[in-house]
Amino acid sequence: TQLLEQSPQFLSIQEGENLTVYCNSSSVFSSLQWYRQEPGEGPVLLVTVVTGGEVKKLKRLTFQFGDARKDSSLHITAAQPGDTGLYLCAGTTSGTYKYIFGTGTRLKVLA
Amino acid sequence: GAGVSQSPRYKVAKRGQDVALRCDPISGHVSLFWYQQALGQGPEFLTYFQNEAQLDKSGLPSDRFFAERPEGSVSTLKIQRTQQEDSAVYLCASTSRTGVSSYEQYFGPGTRLTVT
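What you see is a predicted model, and the numbers here were worked out from it, not measured in a lab. (Residues numbered from 1 in each chain as written. Chains lettered and ligands numbered in written order. Predicted model: local features only at pLDDT ≥ 70, side-chain atom pairs only at ≥ 80, totals over all residues. Heavy atoms only, no water.)

Draft legend 1. Structural context of the overall build of chain A. A count of helical and extended segments in chain A gives zero helices and 11 strands. Ordered by position in the sequence, the α and β elements of chain A form the string β-β-β-β-β-β-β-β-β-β-β. Its C-alpha atoms give chain A a radius of gyration of 13 Å, within 12% of the compact-globule value 13 Å for 111 residues. Projecting the C-alpha coordinates of chain A onto the three principal axes gives extents of approximately 45 × 30 × 20 Å. By the burial criterion, 46% of the 111 residues in chain A qualify as buried. Excluding contacts between residues fewer than 6 apart, the proportion of contacts in chain A whose partners are at least 24 apart in sequence is 54%. For chain A, the distance from the average site of its 10 positive side-chain charges to the average site of its 9 negative ones is 4 Å. (Helix = DSSP H or I, 4+ residues; strand = E, 2+ residues; numbered from the N terminus. Rg over C-alpha atoms; globule rule 2.2 N^0.38 Å. Buried < 20%, exposed > 50% of the residue type's maximum accessible area, 1.4 Å probe, protein only. Contact = heavy atoms within 4.5 Å. Lys, Arg positive; Asp, Glu negative; His and termini not counted. Charge placed at Lys NZ, Arg CZ, Asp CG, Glu CD.)

Spelled out as structure tokens, the structure:
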């Protein structure tokens, strides 16, 4: 059972547009990660956030962890075709090793 | 160095057959995870090893699923009497950390299992 809901489920945009992907839960997480997965490959870690309200920037990607540590967002500025992929959030609770993955957002950026 | 490798990359099995999926983690990585990923969905936890000890197998769907890591390195996920609902990508991940959150998991490319 997935405890992390991502929205939108699918997103198709033109190159140069901005977009935001959301990851929501009713549970509190001690940390949250974002991954990108390309077809035929395993997920690759983009960022880890651990503090409520934390904002991290990675070039054109901005990640935010909600104040209550129940939600997160990923914002991409000026999307490029190379950003195409399945974006996954994954959360863990304090004292455990197990990450729970979200339902995924499939992004397609058209040239 | 080499990343996590998995074999075979693709496996087609007839319903009722047994299959074995192999994972070679990054050398020296203590922790190893298996996940099941349905098409277009996020990975779902199956089981966790710390060295050779299987500390959590709560995600294994049924007693037809069995995982081992006898020498604390290579791991094998075995599925007995495969069913169509077992069709999925099986991902393996390893990490050098133990029992601590906020670690980076390194994933293999996965094995796509199709049960016909």
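Draft legend 2. Region of interest: the sheet that holds strand β8 (residues 71–76) of chain A. Residues and elements named next belong to chain A. Pairing within the open sheet is antiparallel, and its five strands lie in the order β1-β3-β8-β7-β6. Where the open sheet ends on each side, the last strands, each with one partner, are β1 (5–7) and β6 (55–58). With direction set aside, neighbouring strand axes in the sheet form an average angle of 15°. Here strand β3 (residues 19–24) pairs with β8 via six bridges, running antiparallel. Within β8, the residue paired with N24 across the bridge is D71. (Pairing = 2+ DSSP bridges. Axes fitted to C-alpha atoms, helices over the stretch in contact; angles between N-to-C directions.)

Draft legend 3. Focus on the pairing of β3(A). Residues and elements named next belong to chain A. Residues L19, V21 and C23 line the buried face of β3, whereas the alternating positions T20, Y22 and N24 sit on a face that is not buried. Here β1 pairs with β3 via three bridges, running antiparallel. Of the residues in β3, the one forming a bridge with E5 is N24.

Draft legend 4. Representation of the pattern of salt bridges. Residues and elements named next belong to chain B. One pass over the structure, following the stated rule, counts six salt bridges over all chains. Taking the shortest distance from any N to any O, the salt bridge between R22 and D24 comes out at 2.7 Å. For D24, a relative accessible area of 21% corresponds to the partly exposed category. (Salt bridge = Lys/Arg side-chain N within 4 Å of Asp/Glu carboxyl O.)

Draft legend 5. Summary view of the interface of chain A and chain B. Contacts between the two partners involve 26 residues from chain A and, on the opposite side, 25 residues from chain B. Taken together, both faces of the contact between chain A and chain B bury some 1,900 Å²; the carbon and sulfur share is 50%. The interface formed by chain A and chain B contains one salt bridge. In this structure, K98(A) engages D56(B) in a salt bridge whose closest nitrogen and oxygen atoms are separated by 3.4 Å. Put simply, chain A and chain B have five residue pairs in polar contact (both at pLDDT 80 or more) between them. Residue classes in the side of chain A that touches chain B are distributed as nine nonpolar, 14 polar and three charged. (Buried area = accessible area lost by both parts, 1.4 Å probe. Polar contact = N/O pair within 3.5 Å; in protein donor to acceptor, adjacent residues only side chain to side chain. Nonpolar A, V, L, I, M, F, W, Y, C, P; charged D, E, K, R; others polar.)

Draft legend 6. Just the packing of aromatic side chains, in detail. Per the stated rule, a full pass over the model turns up nine aromatic pairs over all chains. The interplanar angle of 80° and the centroid separation of 6.1 Å between the aromatic rings of F101(A) and F107(B) together place this pair among those described as edge-to-face. Of this pair, F101(A) sits in strand β10 (residues 100–101) while F107(B) sits in strand β10 (residues 106–107), on two different chains. Like F101(A), the residue F107(B) is buried in the burial classification. What links up through ring pairs into an aromatic cluster is the set Y35(A), F101(A), F33(B), Y35(B), F45(B), Y48(B) and F107(B). (Phe/Tyr/Trp six-rings, centres within 6.5 Å; stacked < 30°, edge-to-face > 60°.)

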